[in-house]
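Listed below are the residues making up each chain.
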Amino acid sequence: MKNMVLSPFRQTVVGVQFLFVAFGATVLVPLLVGMDPSTALFTAGLGTFLFHLVTRGQVPVFLGSSFAFIAPILAASHEWGLSGAIAGLSGVSVVYFGMSALVRWRGRQLLDVLFPPVVIGPVIILIGLSLSGSAVKMASTGWGLAFVSLATAIAVLTFARGLLKLVPVVCGIVAGYVVALCTGNIDFAPVAAAPWFAWPASLAHFAWPHFAWEPFIYMIPVAIAPVIEHIGDIYVVGAVAGKDFVKKPGLHRTLFGDGLACLAACLLGGPPVTTYSEVTGAMSITKITSPAVIRIAAGTALVFSVIGKLSALLQSIPQAVLGGIMLLLFGTIASVGLQNLVHHQVKLGETRNVIIISVTLTMGIGGAVLSWGSFSISGIGLSAVIGVILNLVLPHKK
């Protein structure tokens with residue numbers, strides 16, 4: 001089914017489903033840091049189109065608000081105000097552009113040295129497992145609703161046929177929403193109060209960010225972790241799609257596209273956008289990896305961002321319902337990491353490989369943090385750096 005040709009109607013249905021997968025996290029980030037969620041939807045759609053333009057429409061990737069920037073934005077907002085923090089996020093793009101140039105200069109050989117399968121495999125596993133906490137937290141707001149959406153998605157994925165089998169996520173969300181509606185867990189007051197048409201707040205009252213060096217320099221090291229995650233995500237997408245996107249269109253293009261999307265989001269007052277593992281998980285389940293379907297999701301995000309009542313209705317979906325779906329999706333990402341290790345025949349009996357995998361997973365799952373003054377790196381970024389260093393310094397078995 002991975003290479004099957006979908007009708008325009010089916011492409012639209014699956015594309016909307018992919019947006020549903022990314023919707024909760026995309027609007028949650030701006031809500032946590034004090035930004036406009038409609039602007040986040042707009043910049044996610046725009047950023048995805050920019051990414052596809054740079055990568056020649058070949059890579060099935062959706063870009064959405066990144067959880068990696070929640071703490072830095074809050075800290076920078078406290079120091080320089082929200083406008084200063086948004087302006088400083090342009091430093092993230094500089095890191096992406098620099099890494100893109102480095103990869104273009106040195107080619108894939110640099111990746112083979114820095115990111116062999118024994119490093120990439122555990123990082124991919126961490127990308128899935130690190131999101132599991134968010135899924136459980138969302139589901140814990142109402143385990144009953146979470147299990148309804150999860151069970152429905154699993155049942156549709158296992159037993160359904162035809163078109164229905166392509167939309168397990170939508171079915172799960174609809175089932176959870178109906179149960180929430182019947183149990184009185186939906187508040188329609190914001191929907192009734194919302195206008196039918198409304199520009200995102202930052203676009204309706206557009207103003208160029210006020211740039212300053214301090215937040216700009218502060219945000220540069222923050223980008224290290226998302227850049228490393230991006231590399232892992234491109235390998236994940238390639239594994240799911242059965243293609244080598246690192247070779248064609250090239251990792252330098254995907255890095256540049258991500259950086260350009262981040263810069264556009266910054267200029268429009270939205271949170272940084274990065275490749276979304278959630279949508280990759282949905283592709284792994286549905287086996288639909290068409291870039292055209294992802295662009296439909298991006299176009300839907302743009303439409304949702306300007307339809308006030310529709311955005312309000314989507315935001316009325318209980319977190320527990322979305323959390324139930326995430327419980328299924330995030331585990332599929334971790335399984336792709338395991339498949340990566342097996343596919344490349346990484347010898348798990350070798351002491352060297354055991355050390356790299358063990359330390360990488362332990363530091364990532366344990367939430368290790370390395371701080372030096374205002375610089376801080378943690379989670380997947382830190383684990384990936386440690387994995388790269390161990391791979392370079394540990395001797396190979398003779």
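Overview of the structure.

Basis of the calculations
Residue indices begin from 1 for each chain and proceed along its sequence in written order. This being a predicted model, a pLDDT of at least 70 is required before a residue's local features are given, and a value of 80 or more before pairs of side-chain atoms are given or counted; all residues contribute to the totals for chains, interfaces and linings. No hydrogens and no water enter the side-chain calculation; it runs on all heavy atoms of the structure. To pair, rings of Phe, Tyr and Trp, with the six-membered ring standing in for Trp, must have centres within 6.5 Å; the planes then decide the type, stacked if under 30 degrees apart, edge-to-face if over 60, and tilted in the middle. Numbering of helices and strands runs from the N terminus; a helix is a DSSP stretch of H or I covering at least four residues, while a strand is a stretch of E covering at least two. Geometrically, a lysine NZ or arginine CZ counts as sitting over a ring once it is within 6 Å of the ring centre and also within 35 degrees of the ring normal. Expected span of a helix: the number of residues minus one, times 1.5 Å. Think of it in three bands: with a 1.4 Å probe and only protein chains considered, a residue is buried below 20% of the maximum accessible area for its type, exposed above 50%, and partly exposed in between. Each C-beta atom gives one direction from the helix axis, and the arc is the one those directions make. Note on definitions: a residue-residue contact is assigned when non-hydrogen atoms from the two residues lie within 4.5 Å. Here the term patch refers to residues with relative accessible area over 30% and no salt bridge, with like charges joined within 9 Å and nonpolar side chains (Val, Leu, Ile, Met, Phe, Trp, Tyr) within 5 Å. Using a 1.4 Å probe, accessible areas were evaluated by the Shrake-Rupley method; residue-level cover was limited to the displayed protein chains. Salt-bridge detection follows one rule: a side-chain nitrogen of Lys or Arg within 4 Å of a carboxyl oxygen of Asp or Glu.

Points about the packing of aromatic side chains
Here the structure, examined in full by the defined rule, presents three aromatic pairs. Ring plane angle 35° and centroid distance 4.8 Å describe the contact between Phe-97 and Phe-256, whose orientation is recorded as tilted. Residue Phe-97 is located in helix 4 (residues 90–106), and its partner Phe-256 is located in helix 14 (residues 246–267); the two are separated by 159 residues in the primary sequence. Looking at Arg-106, its charged tip hangs above the ring of Trp-105, at a distance of 5.3 Å from the centre. In this arrangement the basic side chain of Lys-309 is found over the ring face of Trp-196, its NZ or CZ atom lying 5.5 Å from the centre.

Some remarks on helix 8 (residues 143–159)
Compared with the 24 Å implied by 1.5 Å per residue over 17 residues, the 24 Å span of helix 8 between its first and last C-alpha is a close match. All of the buried residues along helix 8 are Leu-145, Ala-146, Ser-149, Leu-150, Ala-153 and Val-156. Projected down its long axis, helix 8 shows its buried positions confined to an angular sector of 135°, all on one face. The inward-facing, buried residues of helix 8 contact helix 7 (132–139), helix 9 (168–182) and helix 18 (319–343).

Section: helix 20 (residues 379–393)
In a regular helix each residue adds 1.5 Å, so 15 residues correspond to 21 Å; helix 20 covers 21 Å between its end C-alpha atoms and thus fits that length. Where helix 20 is concerned, the buried positions are Ile-380, Gly-381, Leu-382, Ser-383, Ala-384, Gly-387, Val-388, Leu-390 and Asn-391.

What to know about a nonpolar patch on the surface
Together, Val-113, Ile-389, Leu-392 and Val-393 line one region of the surface with nonpolar side chains, adding up to about 360 Å² of accessible area. Looking at the nonpolar patch element by element, the count peaks at three residues for helix 20. Turning to its location among the elements, Val-113 is positioned in helix 5 (residues 108–114). Classification of Val-113 as partly exposed rests on a relative accessible area of 48%.

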